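Working through the structure, step by step
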Amino acid sequence: MSPRIQAPRGTYDVLPDDAARRDAVEAAARRILGGAGYGRIETPAFEATELFARGVGASTDIVQKEMYTFEDGGGRSLTLRPEGTAPICRAYVEHGMSRLPQPVRFWYFESFFRYERAQAGRYRQFWQLGAEAIGSADPLVDAECILLLAELLDAVGVREVRLRLSSLGTAETRAVYREELQAYLRRHEDQLSEEVRNRIDLNPLRAFDADHPGTREVMRGAPLLLDRLSDEDAEHFAAVRALLDDADLQYELDPTLVRGLDYYARTLFEFTSDALGAQSGVAGGGRYDGLIEQLGGPATPAVGFAAGIERMLLAAGEHPVAAMPVDLYVAYATDGARHPAFGIAREARRAGLAAQVELAGRSLKGQLRQAGRLGARFVAIVGDDGATLRDMESGEQEDVEPGRVIPLVLRREKSL
Ligand code: HAM
């Protein structure tokens, strides 16, 4: 026997039973985000490597270690998208969308690729539901994004949700603060972990994220960016918070909140769920006012978020999503009735009914059992000289002309 081939590590198959819950998440997104004026966008699964190197940031783990990068037949360096924000900004610039009324708002439900250590809630191909609002610096947009995300998590049934909120200020504020933090870290270099020490120049903010006890001790006394915001940034952040307070949304201010992407400026947020283990981050996002310019477009403020589908579903637990109801199951009593039964099911679907026909050659008894398993509302048993229509709820049945099966089911469905 040939060796069996398995799905690559860190990937999974979405089987029909799992698909129903994912469909429900997508439907919630369409309702909530579509209703708020966000339009669906899809971008290619791969992009020029340069987009992520510039967009996500050369010093991030994503760019340094996690990208699926390859050369295509024409010698171009391409990368499977590790996230959606940079590609959407690329599309915004490429299609000249700064000419449209601003902000232009998008939502997406797509898969992304990161070469990470696979574990529960962490995959190498994973799905995100995200939204981006491009072209407005108004704090109303930040607050709207956060509130829409909270509503989505609630609609999906994500349990034990916590929101952490911070502000990073603008790039200039951060540059000054960065120097202050670097000087502080250098003064305490001997107590820091090697990894943090090596990153003082490249990414000193990540020191707040470290698990190393010595580093954590040092970080307790570190200067905080939130205390260094310019007046304008502090005002912007206060406005976002006031809107969230008005909406009665609970959050924790977390001045040490760090996210693994370099494009953020000003508002930064993350939703975690205590129902999850180590990978507790369910969703995150923030403002990224400098990104579009960095990608060669006009200076354009923007804000957005993404939620991990796998983590949302894990944190929602097993609340079952109803399977697609079956209106009509068409069984046949004789071999000669197979074709007419097949035809009735087809016609019924055209008439808008969810209809199935026996496909496995079961005995009549087996067919009725299968109809029961599917929870079919009506069963038509087609024979050589007519049909019998059975109402599975009341148990009543009557002999009918085969041509009358569909109108009868339609009429009764309507009167239910
Ligand atoms: P991110 O925090 O890298 O942000 O990812 C968002 C969410 O995707 C995470 O909270 C997590 O639920 C999920 N996620 C990330 N990596 C994995 C993985 N390996 N396996 C399973 N789930 C994962 C972004 O990607 C930004 N683009 C979000 C954003 C949009 N910011 C502004 N706009």
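Here goes a summary of the coordinates provided.

Criteria and thresholds
Residues numbered from 1 in each chain as written. Predicted model: local features only at pLDDT ≥ 70, side-chain atom pairs only at ≥ 80, totals over all residues. Heavy atoms only, no water. Salt bridge = Lys/Arg side-chain N within 4 Å of Asp/Glu carboxyl O. Helix = DSSP H or I, 4+ residues; strand = E, 2+ residues; numbered from the N terminus. Buried < 20%, exposed > 50% of the residue type's maximum accessible area, 1.4 Å probe, protein only. Pairing = 2+ DSSP bridges. Axes fitted to C-alpha atoms, helices over the stretch in contact; angles between N-to-C directions. Near = heavy atom within 4 Å. Polar contact = N/O pair within 3.5 Å; in protein donor to acceptor, adjacent residues only side chain to side chain. Areas by Shrake-Rupley, 256 points an atom, 1.4 Å probe, with all protein chains shown as cover. Nonpolar A, V, L, I, M, F, W, Y, C, P; charged D, E, K, R; others polar.

Concerning the pattern of salt bridges
A complete count under the given rule lists 30 salt bridges for this structure. One salt-bridge network, in which partners are shared between bridges, spans Asp61, Lys65, Arg199, Arg206 and Asp209.

Here we look at the side chain of Asp61
Note that Asp61 resides in helix α3 (residues 61–66). Residue Asp61 is classed as buried on the basis of its relative accessible area of 18%.

Considering the sheet that holds strand β2 (residues 46–48)
The 3 strands are arranged β2-β4-β3 in an open sheet whose pairing can be described as antiparallel. A strand with exactly one partner marks an edge of an open sheet, and here the two such strands are β2 and β3 (69–71). In this sheet, neighbouring strand axes are inclined to one another by 35° on average, regardless of whether the strands run parallel or antiparallel. Two elements, β2 and strand β4 (residues 77–80), share 3 bridges in a ladder whose sense is antiparallel. Each bridged residue has a counterpart across the sheet, and for Phe46 the counterpart in β4 is Leu80.

With respect to the site of the ligand
Taken together, 27 residues form the shell around the ligand, and within it Glu83, Glu116, Tyr123, Glu132 and Tyr264 come nearest. Between Tyr264 and the ligand, the recorded distance is 2.6 Å, taken from a side-chain N or O atom to a nitrogen atom. In isolation the ligand exposes 660 Å². Once the protein is present, 95% of that is buried. When residues of the shell around the ligand are traced back to their parent elements, those giving at least two are β6 (125–134), β10 (281–287) and β11 (302–308). In terms of residues, the shell around the ligand owes the most to one element, β10, which gives 6 residues. Here the shell around the ligand is built from residues that sort into 11 nonpolar, 9 polar and 7 charged.

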